[in-house]
Amino acid sequence: MDRLRFTALDVFRGLTVCVMIVVNTSGAGAEPYYQLQHAQWFGFTLADLVFPSFLFAVGNSMAFASRRTLPNDQFLLKVAKRTALIFLLGYLMYWFPFVHQMPDGSWAFNDIGQTRIMGVLQRIALCYGAAALAARYLPVKGIIALCAALLFGYWGALMAFGPAGEQLSMVGNIGAQIDRAVLGLDHMYRGGAKGYEPEGLFSTLPAIVNVLAGYLAGLFITRTPDHRTAVSKMLVAGGALVAAGLIWSLFFPLSKRIWTSSFVLLTVGIDCLILAALITYTEIQKLNFGVKFFEIFGKNPLVIYLFSELLVISLQTFTTPAGTKLYDWVGIHLFQAILPGAIGSLVCAIVYMLVCWLLGWWMDRKNIIIKL
């Protein structure tokens, strides 16, 4: 089972990080392909699957860890440290590069009072912390009950406490109201409507289920030595969850933006199907094509993701004499000049992803694995 830990799971994580970087760094100058853009509010695209898949992989990894053998105080300290470190790195990433260029060409420090508090790494940290505690102290049936309570409780709270007709709106839902009250407008996301945070506090609750589902899937794999049995049961479970998510979406629409419960079931189901396919590919069929490429991403996923974000932020900090940000300039004047339209935008993102892969390749050559 150790080989499964380092093959199918690493490939799953690596595939997730690979697509995440491509989605996040589309080249400028043209609209990306629809499936590489997040759904505007309700709906579902390939881009929407990436983040929940990473959370699923986090939970999957937990099933292969040996933290249950740690004394209680050591376990709590380890979880607290990891949660705090990942959260802090996410916070610093939004403050980075700590300076910005003024219209006159001078530089000024970024105001920490305007720094976004929540974000992707912050949600990963909170979901990991909560799921780690649940995995330690609850039996499997207790975890399943907790998942149900989180999904149905979240649905009920959104519908019960939001203003009539605005329960699922961008700034009217109860989650947005909580974020404004707790975080404050100056510390919230600035890419959409003012007063809305896509990785908000309240919408983090159903996201915990993605991690717990990954943990349960990993636990099932470790307890099922026959790969074919594991795959067949995961396919059935995945198909059932996808169907349940689609049926629930008729009443509670799919939305990554507020992480609806139907969205959780759909993404968990798809992830079960993907993981089953990867186990078949790597363990049953013993195929190797492409495995090493994704394993490199999967061995240091958080480090490579953080590098990909910091590098593109750094490139966008500098502008050309015409006022175009550097990464945008490359997308427009290099890739769009050669391949106009969405294909140029995609190729730009793929090239950038390969640059990030080179960091992972170097770390793999040096046998460096950083566990945040």
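Check the entry above for the structure.
Below, the structure is looked at part by part. Remember, predicted model here, so these are calculated numbers, not experimental data.

Turning next to unusual backbone geometry. Residue Pro-97 is bonded to the preceding Phe-96 through a cis peptide linkage, with omega at 5°. With respect to the secondary-structure elements, Pro-97 resides in the loop between α4 (72-95) and β1 (99-101). Here Lys-286, not a glycine, exhibits a phi torsion of approximately 60°, which is positive. Located in the positive-phi region is Asn-367, a residue other than glycine, with phi close to 55°. Tracing the chain through its elements places Asn-367 in the segment after α14 (342-365).

Another aspect to go through is a nonpolar patch on the surface. On the surface, a cluster of nonpolar side chains totalling about 430 Å² of accessible area is made up of Tyr-33, Leu-334, Ile-338, Leu-339 and Ile-343. Structurally, the position occupied by Tyr-33 is in the loop between α2 (8-24) and α3 (46-62).

The next subject is the pattern of salt bridges. A full pass over the atoms with the stated rule returns six salt bridges. With a closest N to O distance of 2.6 Å, Glu-199 and Arg-116 form a salt bridge. Residue Glu-199 is located in the loop between α7 (174-182) and α8 (204-222), and its partner Arg-116 is located in the loop between β2 (107-109) and α5 (120-137); the two are separated by 83 residues in the primary sequence. When its relative accessible area of 5% is taken as the criterion, Glu-199 is described as buried. Among the ionic pairs, Asp-364 bridges to Lys-292, the shortest N-O distance being 3.0 Å. Highlighted residues: Asp-364 in helix α14 and Lys-292 in helix α11 (residues 291-299), separated in sequence by 72 residues.

This part takes up the packing of α3 against α8. Close contact between α3 and α8 brings their axes to 6 Å; oriented N to C, the two are set at 45°. Here α3 is positioned oblique relative to α8, judged by the angle of their axes. In this structure, α3 meets α8 at a crossing whose hand is right-handed. Listed contacts from α8 to Pro-52, Leu-55, Phe-56, Val-58, Gly-59, Asn-60 and Met-62 of α3 are Ala-207, Asn-210, Val-211, Ala-213, Gly-214, Tyr-215, Ala-217 and Gly-218.

With that settled, consider the environment of Ala-135. One can find Ala-135 in helix α5. In sequence terms Ala-135 and Leu-216 are 81 residues apart; their C-alpha atoms lie 8.9 Å from each other.

Helix-helix packing is described using two parameters, namely the angle between the two axes and the distance between the axes. The geometry of α5 relative to α8 is characterised by a closest axis approach of 9 Å and an angle of 55° between their N-to-C directions. For the element pair α5 / α8, the angle class is oblique. As α5 runs across α8, the sense of the crossing is right-handed. Across from Arg-123, Leu-126, Cys-127, Ala-130, Ala-131, Ala-134 and Ala-135 in α5, the residues of α8 making contact are Thr-204, Ala-207, Ile-208, Val-211, Leu-212 and Tyr-215. Of the residues contributing to the contact of α5 with α8, the split by class is eleven nonpolar, one polar and one charged.

About the cut-offs
Residues numbered from 1 in each chain as written. Predicted model: local features only at pLDDT ≥ 70, side-chain atom pairs only at ≥ 80, totals over all residues. Heavy atoms only, no water. Helix = DSSP H or I, 4+ residues; strand = E, 2+ residues; numbered from the N terminus. Patch = residues over 30% accessible without salt bridge, like charges linked within 9 Å, V, L, I, M, F, W, Y side chains within 5 Å. Areas by Shrake-Rupley, 256 points an atom, 1.4 Å probe, with all protein chains shown as cover. Salt bridge = Lys/Arg side-chain N within 4 Å of Asp/Glu carboxyl O. Buried < 20%, exposed > 50% of the residue type's maximum accessible area, 1.4 Å probe, protein only. Axes fitted to C-alpha atoms, helices over the stretch in contact; angles between N-to-C directions. Parallel < 35°, antiparallel > 145°, perpendicular 65-115°, else oblique. Left-handed = near helix turned anticlockwise from the far one by under 90°. Contact = heavy atoms within 4.5 Å. Nonpolar A, V, L, I, M, F, W, Y, C, P; charged D, E, K, R; others polar.

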